[in-house]
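One letter stands for each residue in the lines below.
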Amino acid sequence: MSTQKPVRQEYGTVEENALRIDEDKAEQLIDALNTDLAATEVLYHQLRKHHWTVHGAEYRDLHLFYQEAYETASEGADHIAERVQALGGVPTSRPADFQERSPVEPEPEDIYEVRTMMKNDEEMYGDIIERVREHIELAENLGDYATSELLREQLEDLEEFAHEIEHFLAEDSLTKW
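Now for a quick tour of the structure.

Cut-offs used in this document
Residue positions are counted from 1 within each chain, in the order its sequence is given. Per-residue local features are limited, in this predicted model, to residues with pLDDT of at least 70; the limit for side-chain atom pairs, both in listing and counting, is 80 or more; totals at the level of whole chains, interfaces and linings are taken over all residues. As a rule here, side-chain values cover all heavy atoms of the structure and leave hydrogens and water aside. Going along the chain from the N terminus, every DSSP run of H or I of four or more residues is numbered as a helix, and every run of E of two or more is numbered as a strand. Expected helix span is given by 1.5 Å per residue-to-residue step, counting one fewer step than there are residues. Each residue's exposure class comes from its accessible area (1.4 Å probe, protein chains only) as a fraction of the maximum for that residue type: buried when under 20%, exposed when over 50%, partly exposed otherwise. Should any heavy atoms of two residues lie within 4.5 Å, those residues are counted as being in contact. Classification of ring pairs rests on two measures: the distance between centres of Phe, Tyr or Trp rings, Trp counted by its six-membered ring, which must be within 6.5 Å, and the angle between planes, read as stacked under 30 degrees, edge-to-face over 60 and tilted in between. The axes are straight lines fitted to the C-alpha atoms, using for helices just the contacting stretch, and the angles between their N-to-C directions are given from 0 to 180°. Here the word oblique covers every angle except those under 35 degrees (roughly parallel), over 145 (roughly antiparallel) and from 65 to 115 (roughly perpendicular). Two helices crossing with the near one rotated counterclockwise from the far one by less than a right angle form a left-handed crossing, whereas a clockwise rotation gives a right-handed crossing. Three residue categories are used. Nonpolar comprises Ala, Val, Leu, Ile, Met, Phe, Trp, Tyr, Cys and Pro, charged comprises Asp, Glu, Lys and Arg, and polar comprises the others, including Gly. Patch rule: a residue counts if its relative accessible area is over 30% and it has no salt bridge; like charges are joined within 9 Å, and nonpolar side chains (Val, Leu, Ile, Met, Phe, Trp, Tyr) within 5 Å. Only the protein chains shown count as covering a residue, and every accessible area follows the Shrake-Rupley method with a 1.4 Å probe. A pair is scored as a salt bridge if a Lys or Arg side-chain nitrogen falls within 4 Å of a carboxyl oxygen belonging to Asp or Glu. When charges are counted, Lys and Arg contribute as positive and Asp and Glu as negative, whereas His and the chain ends are disregarded. Where a charge lies is defined by one atom per residue type: Lys uses NZ, Arg uses CZ, Asp uses CG and Glu uses CD.

In this section: helix H5 (residues 145-169). Compared with an ideal rise of 1.5 Å per residue, which puts 25 residues at 36 Å, H5 spans 36 Å between its outermost C-alpha atoms and is within 8% of the ideal. All of the buried residues along H5 are Thr147, Ser148, Leu150, Leu151, Gln154, Leu155, Leu158, Phe161, Ala162, Ile165 and Leu169. The inward-facing, buried residues of H5 abut helix H1 (23-53), helix H2 (59-86) and helix H4 (114-141).

Structure representation (structure tokens):
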């Protein structure tokens, strides 16, 4: 790839924004959002993998669940990236950078039993939920209520899917009769 093409804005820089959020505050918010973006992209790819490889008696329900989950993650990543741009930053966009910047680790490429896949997903959702909560507080403290609201919406989706996974992993009481 040629490096002689003009660059409009370098990654890691912050430009003045129409939102009137100070550059110092915007820089902190962009850093947090790019971390959330990277985590969401890692989550997306793991969910997509599980959509492709799910198997067993509950295949159809889980296949559809995973499709809804990865589509929601993709939409969330899009909203986060657009907010980074609105704040005057450059959203993380390269797969290698997602992996490097993400606070969550994807499982290896292997295919796992469904219960193991779901436990891995539950763990990843939990880690991301904790990070998003911290970033909501950061946005509130910096007076960026729109970013806080966007992250609250993300948090609702993350918690909903984590809770659904919790139900899938629950002991089946019907087999105990």
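That covers the picture; the talk isn't over yet.
A few words on H2. Count 3.6 residues to each turn of an α-helix, and residues three or four apart come out pointing the same way. Taking 1.5 Å per residue, 28 residues should reach 40 Å; H2 reaches 40 Å between its end C-alpha atoms and fits that length. Downstream of H2 by one or two residues, Gly88 has phi in the positive range, about 95°.

If you walk through the whole model with that rule in mind, you get five aromatic pairs. Note on Tyr44 and Tyr70: the rings are 5.8 Å apart at their centroids and 85° apart in plane angle, and the pair reads as edge-to-face. With Tyr44 in helix H1 and Tyr70 in helix H2, this pair connects stretches of sequence that are 26 residues apart. Given a relative accessible area of 15%, Tyr44 falls into the buried group. Relative accessible area serves as the criterion here: at 8%, Tyr70 is assigned to the buried category. Seen in terms of ring centroids, Phe65 and Tyr66 are 5.3 Å apart; in terms of plane orientation they differ by 65°. Their pairing is edge-to-face. Among the residues examined, Phe65 registers a relative accessible area of 4% and is labelled buried. Put simply, the rings of Phe65, Tyr66, Tyr125, Phe161 and Phe168 pair up and form one aromatic cluster.

Here the focus is the packing of H2 against H4. Two measures define how a pair of helices packs: the angle their axes make with one another and the distance between the axes. Closest axis-to-axis distance for the H2/H4 pair is 13 Å, and the angle between their directions is 25°. The angle between H2 and H4 places the two elements in the roughly parallel class. The two elements H2 and H4 cross, and the hand of that crossing is left-handed. Contacts from Leu62, Phe65, Tyr66 and Ala69 in H2 reach Val114, Met117, Met118, Asp121 and Tyr125 in H4. When grouped by side-chain class, the residues that make up the contact of H2 with H4 number eight nonpolar, no polar and one charged.

A grouping of Glu68, Glu71, Glu75, Asp78, Glu82, Glu149, Glu153, Glu156, Asp157 and Glu160 is seen on the molecular surface, where their side chains present a negatively charged patch. Looking at the negative patch, the elements that each hand over two or more residues are H2 and H5. Mapping Glu71 onto the fold places it in helix H2. The exposure class assigned to Glu71 is partly exposed, which follows from its relative accessible area of 40%.

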